[in-house]
Amino acid sequence: MSWPESLRRHAALGAALLRARGRRFDPFKLTWILTERCSQRCRSCHLWAREAPSGPTLERIEHVLAANPQLTWLNLSGGDFVERDDAPEILRRAVEHLPDLCLLDFPTAGQDTEATLAALQPVLDSAVPHVVVTVSLDGPDDVHDRVRGSTGSARRARATYAALKAVRRRGFRVALGTTLSAHNLPEVPPADPLTLLPPGVPLRDLHLNLAHHSAHAYRNQDTVLPPVRTALSVVDALARARSWRVDPLEFLERRYWRYARPYLLSGRLPPRCGALRASVFLGADMQIYPCSIWERPLGDFAEVGDSLRRLGEFDAAHELRAGAGRACPGCWSPCEALPSLVAGGGRPL
Ligand code: SF4
Ligand code: SF4
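Here is a short report on the structure shown in this document. If you're wondering where the values come from, they're calculated on a predicted model, not measured in any experiment.

**Overview of unusual backbone geometry**
With phi around 75°, L276 is a residue other than glycine that occupies positive phi space. Positioned with a positive phi, D306 is a non-glycine residue whose angle comes to about 60°. Summarising the element assignment, D306 is placed in the loop between β9 (299-300) and α9 (317-323). With a relative accessible area of 2%, D306 lands in the buried category.

So this is what it looks like as structure tokens:
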């Protein structure tokens, strides 16, 4: 990856952020569920509990990519999309069709190390400046296995994390994602909240998320938000224990938790939301949603030729954008909060 190419892509991202601030429908981040299939049986997500859509074909995926060459941030998700046999080919086509792509990230349950490395390789070989893989680890190994409904899940996730840590490539990083939920945190915080986190890993690699309810992204029905006092005690303990660096992702994480605190304590949301401006959500069934939480599909993406810049042609688009943060259930989901903070320079867009 050459410096001029990296600079060009960062400039493209900067221009996309400005467009997101000024235009009604020109999101720079796409969150895309490529399959709902997953080998795990998580308590906080019920994608596994029904016959899951296998996701779009490779040809359809290629059409979406080719129709949106302006994309600068692509988040590929599932289910666990690395469990698709064609995951390496999907990523090869993503980097081929998105010349301005500046950040590509995907989460994985980390159950298949070889498949994860194979999926990643085309991106490592590309000029994408920032590549982030998040391996899920929801606490100490026994807690993780219980939450994931899979014996040995934590051991396999740790093996994938270790293999990814060995990857050397400028701009690549691996994170451990711990989702704080009603299923892995007790009501009463323990004396040392750090004991609720995965042991034996660098604290800098740990990234905390909030579990959310979503009928289309997780197909969960129950309240999964964590006990508030315990969640905040974990966030605060981790913030005290880790050494912070000058790093854009760490800065974003601090900002995320700054706004998560009032949301958890009183349900108070930031005044603005970036759904449909900074980011948009595409399901495995190719329905477009404003975000990962609000169960209000705009329609099938094919109706606008798979083009994000034509989202305004959906009848519901203007109503849903205007209602964001009001008529919607409200959330502080990282899928939407982080691009909103990026576009807003550290404040919600
Ligand atoms: S939370 Fe992730 S790993 Fe768990 S069932 Fe859902 S998609 Fe699979
Ligand atoms: S605040 Fe509302 S519109 Fe915005 S991401 Fe959350 S649920 Fe979606």
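From this point on, the discussion continues.
**Here's the deal with the site of ligand 1**
Neighbouring ligand 1 are the residues C38, Q40, C42, C45, L47, W48, G79, A109 and R148. Per-class residue counts for the shell around ligand 1 are six nonpolar, two polar and one charged.

**Topic: the side chain of S333**
Looking at the secondary structure, you find S333 in the loop between α9 and α10 (334-343). With residues up to four places along the chain from it excluded, the contact list for S333 reads H212, Y256, S292 and I293.

**Regarding the packing of helix α2 (residues 58-67) against helix α3 (residues 87-97)**
Between α2 and α3, the least distance of the axes is 9 Å, while the angle of their chain directions is 20°. The orientation of α2 with respect to α3, classified from their angle, is roughly parallel. Here α2 runs over α3; the crossing is right-handed. In contact with L58, I61, E62, L65 and A66 of α2, α3 contributes E89, I90, R93, A94, E96 and H97. Residue classes in the contact of α2 with α3 are distributed as six nonpolar, one polar and four charged.

**Some points on the environment of S77**
Residue position: S77 is located in strand β2 (residues 73-77). Expressed as a C-alpha distance, the spacing of S77 and L104, which sit 27 residues apart in the sequence, is 11 Å. Leaving out residues up to four positions away in the same chain, S77 has contacts with W32, I33, L34, T35 and P107.

**Notes on the sheet that holds strand β4 (residues 130-136)**
The mixed open sheet is built from nine strands, whose spatial order is β6-β5-β4-β3-β2-β1-β7-β8-β9. Every interior strand has two partners, whereas the edge strands, β6 (206-210) and β9, have only one. Looking at chain direction, strand β5 (residues 172-180) and β6 are connected through five bridges and run parallel. Its bridge partner being in β6, G177 is matched across the sheet by H207. Each of β4, β5 and β6 touches helix α8 (residues 248-266); the most contacted strand, β6, lies at about 30° to it.

**Thoughts on the nonpolar core**
Of all hydrophobic cores here, the largest spans 82 residues; its most connected members are W32 and L74. Ranked by the residues each element gives to this core, the list is headed by α8, at seven residues. Excluding anything up to four places from it in sequence, L74 contacts L30, L65, A94, L98, L101, L103, L104 and D105. By size, the runner-up hydrophobic cluster in this structure holds 12 residues, among which are A16, F28, A278 and A343.

Rules of the game
- Residues numbered from 1 in each chain as written.
- Chains lettered and ligands numbered in written order.
- Predicted model: local features only at pLDDT ≥ 70, side-chain atom pairs only at ≥ 80, totals over all residues.
- Heavy atoms only, no water.
- Helix = DSSP H or I, 4+ residues; strand = E, 2+ residues; numbered from the N terminus.
- Buried < 20%, exposed > 50% of the residue type's maximum accessible area, 1.4 Å probe, protein only.
- Near = heavy atom within 4 Å.
- Nonpolar A, V, L, I, M, F, W, Y, C, P; charged D, E, K, R; others polar.
- Contact = heavy atoms within 4.5 Å.
- Axes fitted to C-alpha atoms, helices over the stretch in contact; angles between N-to-C directions.
- Parallel < 35°, antiparallel > 145°, perpendicular 65-115°, else oblique.
- Left-handed = near helix turned anticlockwise from the far one by under 90°.
- Pairing = 2+ DSSP bridges.
- Core = buried A, V, L, I, M, F, W, Y, C linked by side-chain atoms within 4.5 Å.

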